[in-house]
Amino acid sequence: MRVPQLILTLLSATPLGVSAMDLDGDGLCDVWQARWHALALPPDSDADGDGFSQREEAAAGTDPLDGASRPLVSVIDAGSATARLRIVAQPGKRYRAESAASPAGPWIPSSTDHAATDALLEIVAPTLATHAFYRVRISDADSDGDGVSDWAERQLAGFDPLNADSFALPEASGDAAVAAAMIEAWNHNAISAEIVTAAAYEKDGSPAQIRLTRSGDTGAPFTLFFKVVPDADPRRATPGRDEYQLRDASGAVVTHALVIPAGQSSASLMMHPVADALIEVPEYLDIRAGGSIGPLSLSVRDAAPVQANQRLFIAYLLPAAGVSSAGSGLATIRLSGDNDSAIVSLWFSNLNSAVNSTQVQTADDAILQSIPPFAYNGQAWRIRASQSYATDQSVLDALIDGSVELSIFTEANVAGELSGAFSPAVGFVDMPEPIEPPAVTSLSGTALDREIVRFLTQATFGPTPADLADLRSRVAAAGGDRIAAFSAWIDEQFATPSPDLLDYTMAADRQDIEIRLDPAKSYYNPDHDPGQGNRRRGWWLLARHGPDQLKQRAAFAFSEIFVISIQDTLIESRAHGSAHYHDMLRNGATGTFRDLLRNVATHPMMGWYLSHLRNAKATYDAQGNLLVSPDENFAREIMQLFSIGLVQLHNDGSLKLGSDGLPLPTYTQTDITELSRVFTGWSFSVYNNPSASTNVVANTLFSRNNGSERFEDRWMQPMRNFADSHDTGAKQVLGLQLPANRSGEQELDAIVDHLATHPNTAPFICRRLIQRFVTANPSAGYLHRVSNAFRDAGGSMNATIKAILLDPEARSLESADAVASFGKVREPLLRYTAFARAFNGTSKLKLADLSAYGYPADELAKFPENTARFRMQSTDTQLSQTHLSAPSVFNWFVPDHKPAGMLAANGTTSPELQIANENSVIRASNFVYSDIYESGGNPNTTALPNQNEEPWLYGSNGDHIRIDFAPLEALYLGVVDLNRDGVFNNLDVGAFNQQAALRAACEAVLDHVDLMLCAGALKARYAETPGKPRRNILDAAVSIRSSNNSSNTQQASVMRDRIEDILWLVASSPDAVVQK
Amino acid sequence: MRTQSRDRDHRRSRRDFLRQSACASLGVTSLVNALAQMRLMTAAMAQGETHGYKALVCLFLNGGHDSNNLLIPIGDPAADGLRADYQSGRGVLAIDRGTAIPLVVPDICRAFQRHHGSALPPMGLHPSASGLAALHNQGKAAFVCNVGTLAYPVASRAEYSSGNVPLPPQLFSHSDQQTQWQSSIPDRPFTSGWGGRAADLLHASYNNSAASKVSMSISLAGINSFQVGTGGDVVQYVVRSNGTVPLSGFSQISDNTDNDPYDGAMNAAGYRLDRDQGKRLKAFEDIMRLTHANLHEEEYNRIVRRARATEATIGAAITAAATSGVDLNAIFANANHSLGDQLKMIARLIAGRSALGNNRQIFFCQVGGYDTHQTLLTSHANLIDELSTGLSAFHDALQALGMWEQVVTFTASDFNRTFTPNSTDPARAGSDHAWGGHTIVMGGPVNGGNFYGQFPSLKTGSASGSIDAGSSRGRWIPDVSVDQYAAVLTSWMGAGSSEIQAIFPNLPRFDDPFQSASANLGFIG
């Protein structure tokens, strides 16, 4: 059998023939050395380690510095008589096959010399008797005999391998002389290089340019070999080969040689950028040419560093986690178009103590740039590698993905007082034309159900099956016009009488106290203090059962904008005042923003929380020196958080920019100081006298104390102004003149009028409200439309909320399903209320029992009959939230929170994720878990405390709302209880122990749970696709106890197990956690 | 003790092996390649060995710690030139010698020889550092004086100014100096930290890859340069100081005794069981594993995935730690701050080391706020209080856990700050970026109660004896390079001489920290 084999050996027959052009006598062809930039390499070593010495590579014409570039031969076909050899060839070289029976030789020629004209050459050689070894001999040719090899002539522009005097120049004698002059020029620096333009810019496609100039004769074209070398500094970026193109002046792509044409003394090498969508730091490369030209450093940059190309980032500076500070501020970064440097500016106010230092740093504390005090107006920051950010690009990436923040360290808060992460800001000098809203298409069937559930998720504390059915029939009655049906529903909701949280709290407190007044009971305690417990429980009652869902939902939204919090101990001890504050906010849902703002400003609970209660005018010593100035807390927050915000906005919420590209502040420190004088002289209008009595009298004492708990009338009447303590001087706030000697009330009216109609207020407040109801990232058009509605309706809150809920963007099922930033994470409280409402969460405690403790009959009548109430404990640990327990006036989360990484890089806001961390997401799932799996879940079979049980039992067993499994079991049985006897057992022939029937039963339950918690997204998105959540859940549920399904008792208990798993898996899935 | 001697034998044999086989080539291969080769060799050598537990804790004081006011001369300025120099140089920033807490200066102390001759000046600590002073005076902590980044030794102010000695680039710049401190190779662009390189080698030598459940490099302060490795097995693992919450319904350990259909979802080895509960857990995790186009959903899933990953490893350690019977919350009650929280979690992870399965562990924690350009006196007092109470509590915790002899804690910072103030107003004055500073080392293995390195001359500018780098602000030219300081710590962790050489390629440029009397770095061993 013939087994042809190949051994390749390269031999240069005439490595140093006369045509080798070896002027320096080092044994290597000078043209080859120039072509591969191998001037300094010794002939007999192997620089690239590919097994071929420089001498051999020179003979073959290959690159001595690239291991992949070497003589390559393979046998592609070996027949009985001939073998075909395929050679990776260099045009101009000659190749001859030799064969031998043994590697030791003797080698005999198997072919004639073949001149290569292409990059591939095939040679047919005869085979030997049994097997053969082949080698290929490479040699140069000099067809025109001019002393320059064919290969070399092919490397050089204008040389004709078949013409010994290609240029016919008068002064030179043939090609060898021209080549020799060129070699001299290469090797002895006779070419000058100049960087004409160092940077290429992707945005406008402008190239970088190098000009190379020769000296001496210009009769022949001049070939200059160049190479591209990556930048040596590992911190800097180097462009990939597909990120630029090198061309000559005519636009032709050049790879390794630039030709200065005959008659010209210079030529340009252009580096054209290839535009991409990436945001990159300058990418550097070096050009080397000839013997010693370069490195010439060029770069590819995204865009020219001009103002129009700047990218704006904003960081809203808020107190660092765990720091109590009234400070706030704003920092901006203007990133140059080429992403090489930035200018950092900041302003801030009201820090607790002196500034220690100010840093631009990463979220993991790598310091990038310090901002000294004299540079707050503009500190240059070069985007450079730092710490574990080992490349400049990684620092830029950190900025883009929201991991760069500005932190202010102060002497009192050495670990940082204020900080904020930078995120890209959308801003314009002039507002662009708002985009058109999406079309609202007509829906029916499942899609309509999904849409109704979405609407109820936005407008209530969670859809109930009854509400779903109600709206279904309303839409049908409206001829399928769901917008009309929803609109009418909204009107009805706003007209529904609201139960007061205060009435509930007072009655429940009375019960708590009176039940402990029996000395015979072990829990006798005449001094019992119910604390905030009943106010909190009352909120659960309203959220779960309140007939005025939309108003209560609005009140909840307002409570996250106009924040007071029981984290403050005085607020904590004034449960009735807190309840009254809630009722005041709820009333705001049907009034104007102006009146809501005024009611918030004059509510004593807010007066305490933001310290304008009993805030006196400035006092001076005898010499007129200022002793005490008014507290500025409320003056700042009513602007920063409650109405206009820090920076000027267009009507669509985008930033208004000044001509310098920077945002424009809405107010100055002077405005705060002036406004703080308006908020002087405010104190209680009434008080209880004696303090532990229900006798309420008018207050005439500005410094009236806080009174006692549970006799809190002073906390439930608006504050009034005391003229003696009010600063009656003239004031100017935000351009509004307030003349001297006006009353505090008059000034307040003027201020709230001014704030409510300020151009910023509509977009500022409407954006917050949209975020509370519908989506964290309203489009500019959505916000523009709602802002207009706010303005057109004179700040009417119900008109604004209606515009929010009925906007095409809110009502578009397509947006919900397709827009990546649409929707919002349900905050844990809303996540749980939705769960409780969807599955009829209840308890055995009856609201009607409170009638015996003074709960008004007309209040009770506002609820459905047999409404249950709840003994919910604080859920701060389990849900990271309890009603009115935000950590600070900035709420649990701020409207601009963008989690670092993907969301920040996409400019996507997700406020609720500010309280989502590794612990809180698990705790929230665990809370639902304990509701589903522990304590049975069924209020009918579980011992829940009855009214006359010992009070502490309320807490231990009754702290969860129990959901009702019966409707879910009915869905299940509806599929498998074929004989309709109410139980599932072996009499249900065809279903019992039948996988298909069990699966269908689970599916019925799953689709219902999916509809209620996810607006049917699981089914709509995933259908039956294996590996997707719906199938995962279904498979897990169906698999339960599948080996024991033949027993009656097993089948019955397994039904509950399956429903429990479905409930928990759906409730824990991202489709339920994120409202869309 | 037998373990220790076997440890030494093992190290000697490995050294010999390496010397014969690899060292010749180290000069020409890149650092990364050298480490990769050594990893393979040390892993081969470590087969079958068992080792006691050791942990190294890096406490980085971010921003540049003004250690001039940590370690304070407290002699009578009339008789004690050092105190006189302190007062005149520090000006409004000087701490009153009456309020500083006196430290015991032992009779045998070489930290003053180079710059102060035979004097043993009275020394004190910042008034807010009472806990740290107690640790020093009880012989549990020591100070290493005038440590800083160096490319080559700089003998004097004149040599600094001469330009003949290559200096670390970008001296006095936060970002560069933090990086250089953490890389210990100041004269090359950053590619890895010395903690990361040490972990690359020590993990292979000392940790059993089958038992190891978590990276040898654990950070309580996010990804950091110190623990960046050379691309080996050891990737830094970030833990938060607040621990994890287990997902309800899925116990880690199987309980087969009660026929409960909801038996544990995982067996003791952490595998999901093929039971109802296990299937439910699998469905949950399959759902969380999916990538979502909706960004809110995707971010939520990422948080859940992180929580589950952390729960599995750290949760098990915390569970194991709970069985130690030590109430760490009580011990850290007076260290209720960021540093205390980080050190408490480190103590937990040390207590729960059996669940993590590593014999060697390097921890990184960090406190910010040290960039005290302004209001130094008040800011620094707060910082020192946090530092001192944190270290005290950590000491108490390690003692209670019986781990005091197995853990060494050391401090590092960008740089020291200028000796002279930047304002004449004591309420406003701060200090600016400088160079060599003092560090703290603490732990059972530390030869505590002493001072190491060389306490600098406190003379500024061109005064005789000054080691002020080029200015008159008091920027001390370091007497001890980071390489030397770090090599001692790394050696204690078990690195042999060849490994030390690979981790600290610049070390041969300096006095041998293990031999030279002048290096004065015998703070461990």
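Note that the structure is a prediction, hence the values are computed from the model and not measured.

Calculation rules
Residues numbered from 1 in each chain as written. Chains lettered and ligands numbered in written order. Predicted model: local features only at pLDDT ≥ 70, side-chain atom pairs only at ≥ 80, totals over all residues. Heavy atoms only, no water. Helix = DSSP H or I, 4+ residues; strand = E, 2+ residues; numbered from the N terminus. Rg over C-alpha atoms; globule rule 2.2 N^0.38 Å. Buried < 20%, exposed > 50% of the residue type's maximum accessible area, 1.4 Å probe, protein only. Contact = heavy atoms within 4.5 Å. Areas by Shrake-Rupley, 256 points an atom, 1.4 Å probe, with all protein chains shown as cover. Lys, Arg positive; Asp, Glu negative; His and termini not counted. Charge placed at Lys NZ, Arg CZ, Asp CG, Glu CD. Pairing = 2+ DSSP bridges. Axes fitted to C-alpha atoms, helices over the stretch in contact; angles between N-to-C directions. Patch = residues over 30% accessible without salt bridge, like charges linked within 9 Å, V, L, I, M, F, W, Y side chains within 5 Å. Salt bridge = Lys/Arg side-chain N within 4 Å of Asp/Glu carboxyl O. Buried area = accessible area lost by both parts, 1.4 Å probe. Core = buried A, V, L, I, M, F, W, Y, C linked by side-chain atoms within 4.5 Å. Domains from an automatic or database assignment. Phe/Tyr/Trp six-rings, centres within 6.5 Å; stacked < 30°, edge-to-face > 60°.

### Some words on the overall build of chain A
Counting its secondary structure elements, chain A contains 35 helices and 38 strands. What you see for chain A is a C-alpha radius of gyration of 41 Å, clearly larger than the 31 Å of a compact globule of 1076 residues, by over 25%. In chain A, which comprises 1076 residues, the share counted as buried stands at 58%. Of the contacts formed within chain A by residues at least 6 apart in sequence, a portion of 68% connects residues at least 24 apart. If you sum the accessible surface of chain A, you get close to 39100 Å²; carbon and sulfur atoms cover 52% of it. Of the charged side chains in chain A, 85 are positive and 126 negative; the average position of the first set lies 7 Å away from that of the second.

### Side note on unusual backbone geometry
Residues and elements named next belong to chain A. At the junction of Gly294 and Pro295, the peptide bond is cis and its omega measures out at 5° in the coordinates. Here the bond from Asn689 into Pro690 is cis, since omega is -5°, no more than 30 degrees from zero. Inspection of the secondary structure puts Pro690 in the loop between strand E32 (686–688) and strand E33 (696–698). Located in the positive-phi region is Arg614, a residue other than glycine, with phi close to 60°. Position of Arg614 relative to the elements: it lies in the loop between helix H15 (604–609) and strand E28 (619–620). For Arg614, a relative accessible area of 25% puts it in the partly exposed group.

### Some thoughts on the sheet that holds strand E2 (residues 72–78) of chain A
All names here are of chain A. What the 3 strands build is an open sheet, ordered E2-E3-E7; its pairing is antiparallel. Looking at strand neighbours, the two that pair on one side only are E2 and strand E7 (120–126), the edges of this open sheet. This sheet shows a mean twist of 25° between the axes of neighbouring strands, independent of strand direction. When E2 meets strand E3 (residues 82–88), the two strands line up antiparallel, connected through 6 bridges. Within E3, the residue paired with Leu72 across the bridge is Val88.

### Describing a nonpolar patch on the surface
On the surface, Leu72, Val88 and Leu120 of chain A cluster together to form a nonpolar patch covering roughly 240 Å² of accessible area. Checked against the element boundaries, Leu120 of chain A lands in strand E7.

### A few points about the interface of chain A and chain B
Listed by partner, the interface residues are 76 residues for chain A and 65 residues for chain B. With both chains or domains summed, chain A and chain B bury close to 5600 Å², and 58% of this area falls on carbon and sulfur atoms. Of all residues in chain A, Asn356, Gln387 and Glu918 of chain A bury the most surface against chain B, accounting for 13% of the area lost on that side. For Asp1061 of chain A, the salt bridge identified is with Arg280 of chain B, shortest N-O distance 2.8 Å. No other element matches helix H28 (residues 918–933) of chain A, which puts 9 residues into the side of chain A that touches chain B.

### Description of the sheet that holds strand E9 (residues 191–197) of chain A
Residues and elements named next belong to chain A. A sheet is described by the order of its strands in space; here 4 strands give the open sequence E9-E11-E15-E13, paired in antiparallel fashion. Unpaired on one side and paired on the other, E9 and strand E13 (244–248) mark the two borders of the sheet. With strand direction ignored, the average angle separating the axes of adjacent strands in the sheet is 20°. Sheet topology note: the E13/strand E15 (residues 266–273) ladder contains 5 bridges and is antiparallel. Counted as the bridge partner of Tyr244 is Pro273 from E15.

### Some words on the pattern of salt bridges
Residue and element names in this part refer to chain A. Taken as a whole and judged by the stated rule, the model has 71 salt bridges over all chains. Among the salt bridges present, the one from Arg594 reaches Asp753, with a minimum N-O distance of 2.6 Å. Taken as a pair, Arg594 in helix H14 (residues 593–602) and Asp753 in helix H18 (residues 744–756) lie far apart in primary sequence, 159 residues in all. Note that Arg1030 and Asp1007 form a salt bridge whose closest N and O atoms lie 3.0 Å from each other. Of this pair, Arg1030 sits in helix H33 (residues 1029–1038) while Asp1007 sits in helix H31 (residues 995–1014); the two residues are 23 residues apart in sequence, bridging distant segments of the chain.

### Here we look at the nonpolar core
Ranked by size, the top nonpolar core spans 189 residues in total, and within it Phe562 and Phe642 of chain A carry the most contacts. It is H31 of chain A that contributes the most residues to this core, 11 residues altogether. Counting only domains with at least three residues in this core, you end up with domain 4 (454–575 + 819–851 + 872–961) and domain 5 (965–1076) of chain A. Among the nonpolar cores identified, the runner-up in size contains 84 residues, and Ile101, Ile346, Phe394 and Leu398 of chain B belong to it.

### Some remarks on the packing of aromatic side chains
Residue and element names in this part refer to chain A. Under the defined criterion, the tally for this structure stands at 43 aromatic pairs over all chains. Taking the centre distance of 6.3 Å and the plane angle of 85° together, the rings of Tyr504 and Tyr855 count as edge-to-face. Pair noted here: Tyr504 is in helix H9 (residues 501–514) and Tyr855 is in the loop between helix H24 (828–838) and helix H25 (857–860), with a separation of 351 residues, a long-range link. Between Phe702 and Phe722 the ring centres are 5.8 Å apart and the planes differ by 65°, which places this aromatic pair in the edge-to-face class.

### Observations concerning the domain arrangement of chain A
Residues and elements named next belong to chain A. For chain A, the assigned domains are domain 1 (10–155), domain 2 (189–301), domain 3 (320–416), domain 4 (454–575 + 819–851 + 872–961) and domain 5 (965–1076). With centres defined by C-alpha atoms, the gap from domain 3 to domain 4 works out at 39 Å. If you look at the interface, domain 3 gives 5 residues, while domain 4 gives 5 residues. Each partner contributes to the roughly 320 Å² buried at the junction of domain 3 and domain 4, and carbon and sulfur atoms together form 63% of this total. It is Ile400, Asp401 and Gly402 that lose the most area in domain 3 upon contact with domain 4, and together they represent 73% of the buried surface on that side. Counting across the interface, domain 3 meets domain 4 through 0 salt bridges.

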